[in-house]
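What the coordinates show
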Amino acid sequence: MNSEIVHLRKTLHENPELSGFEYETAKRIRSFIEKHHTTEILENLGGTGIAAIYKFPKKGPSITIRCELDALPIQEENQFEHQSKIKGVSHKCGHDGHMAIVSGLIFWLKEQAFNSGEVILLFQPAEENGEGAHRVLQDERFKNLKTDYVFALHNIPKEPLHSIILMEKGFSAEVQSFIIRLKGKESHAAEPENGVNPALGLSEIIRAFSKLEVAKPEDENFTLITPVHVNMGQKAYGISPANGELHYTMRIWSGERMSALKSQIHATVREISEDHQLAFEIEWLEYFPAAANDKDSNAYVVKAAKENNFQIIERPYPFKFGEDFGWFSRKYKTAMFGLGAGLDTQALHNADYDFPDEILETGISMFKAIIKKIIHE
C-alpha cells in the first residue's frame, strides 16, 4: 500500500469538516493531486467540490469516480494518534477513506496510455445532509463535462474485509425527513376545556403513522417511518399548551412510493388536526433519492470484483440508509457498491468507528478494473 495514501487518509481523519464547510479538506485534496501529478482541476463545484480531470488523446467514454468530502457532528471516542483534532466533529462514515481511495487513483492514472476516454475524480461536498450531489449537478461546469458513467463505493462494517457487496437494483433507500407542527390554544391547566391541547392529536398521528409501516425490507413496498423527536409545551404545570411538534424520517425503496406516501401523510395529518380543531403545517427537510444501479454499470462492478478475485456478497435489497448519490442516478448511468470493512469494525456513525486502511488498496483495485473495462471496450 502506498504510504502517502495512508498518510493522506489519516491527515483527513485528523482534520474533519462538516457538510458545506469542507474548505480545508478541499485544499488538502487539491494540494495532494498537484504534488503528484499536474492535471486539469475544477474547484468550488457545488460549494467546495473538486474535480480532477484526466483526458486521453481521442474522444471516448467519460467515467466519473465520486467520493465525499464531509464529516459528521460526532465527538470521537478513539484515542489513536490520528484522532480528530476538531471538537465534536469526526469522520465516522469513512469519507476520509473514500477520499484516499479516489486520490490514490492518480498514481495509476498518470501512468496510463489509454488511446481514448476521460476519467473524472470527483470529491463531492455535503453528502451527509443530502445537498451536495444536487448542487454539483446544478453546476454548469460539471454539466459541460457530459460524463457517461458515475461510480462510487461505500465501506460497510460487519461485512468480511475486502468483500464486494452488490445490489442489482439499487444501493440505498429513498429517504425523506419532515416536521409536523400543530397549533391549538393555550389555557389554564385547571381549565383545559378553555383551550385546545395538541396532545391527543400528536398521539393519534404517531399511532396512524405506525400503521403505515411495512416492516419487511424484502417487500417492494417496504416503509420505515421513524419518530426522532417530539416536543410539546413547557415545564410549566399551570399551563395547558397550544403547540406540539413531531419530527420524522422515512425510508422506502422507490420514488413512486415516496410520492404516494407523502400525500397519505398530509391527508392523515389534516384529518386528525381537523378532528381536534388544530392548525397544522408540514415542513419537508433532508431528502435523499434512492441510489439506483444501472444494469450495464453494475455489470462492470461485477466484472471488476471477479477479475480481482474479491469475495462477492449479493444483497437482495438496498441498504436502509440515505446516500445522495441517488441524484446522479437520475442523470447518468450509475452504480454504487459496498466494500466490506471487516466483521470487527465498529458500525457507521458510531463514535469509535475508524476506516480500516487495509481496504484502501481494495477500493483502488476495483475502480482501476472498472475504468479499464469501459475504456478498452
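Parameters at a glance
- Residues numbered from 1 in each chain as written.
- Predicted model: local features only at pLDDT ≥ 70, side-chain atom pairs only at ≥ 80, totals over all residues.
- Heavy atoms only, no water.
- Phe/Tyr/Trp six-rings, centres within 6.5 Å; stacked < 30°, edge-to-face > 60°.
- Helix = DSSP H or I, 4+ residues; strand = E, 2+ residues; numbered from the N terminus.
- Buried < 20%, exposed > 50% of the residue type's maximum accessible area, 1.4 Å probe, protein only.
- Lys NZ or Arg CZ within 6 Å of the ring centre and 35° of its normal.
- Core = buried A, V, L, I, M, F, W, Y, C linked by side-chain atoms within 4.5 Å.
- Contact = heavy atoms within 4.5 Å.

Topic: the packing of aromatic side chains
Under the counting rule described, the total for this entry stands at 20 aromatic pairs. For the ring pair Trp253 and Tyr317, a centre distance of 6.2 Å and an interplane angle of 25 degrees mean the geometry is stacked. Pair noted here: Trp253 is in the loop between β12 (243-252) and α7 (255-275) and Tyr317 is in the loop between β15 (312-315) and α9 (326-329), with a separation of 64 residues, a long-range link. Judged by relative accessible area, which is 15%, Trp253 ranks as buried. Residue class for Tyr317 comes out partly exposed when judged on its relative accessible area of 24%. An angle of 45 degrees between the planes, with centres 5.7 Å apart, marks the rings of Phe325 and Phe328 as tilted. On the basis of relative accessible area, Phe328 is assigned to the buried category, the value being 0%. Each member of the aromatic cluster is reached from another via a ring pair, and the members are Phe142, Phe325, Phe328 and Tyr332. A cation over a ring is seen here: Lys262 above Trp284, with NZ or CZ 4.7 Å from the ring centre.

Considerations on the nonpolar core
Counting residues in each nonpolar core, the largest one holds 56 residues, and the members touching the most others are Leu121, Phe123, Phe151 and Phe367. Discounting chain neighbours no more than four positions away, the residues touching Phe123 are Ile29, Ile33, Gly49, Ile50, Cys67, Leu69, Met99, Val102 and Ser103.

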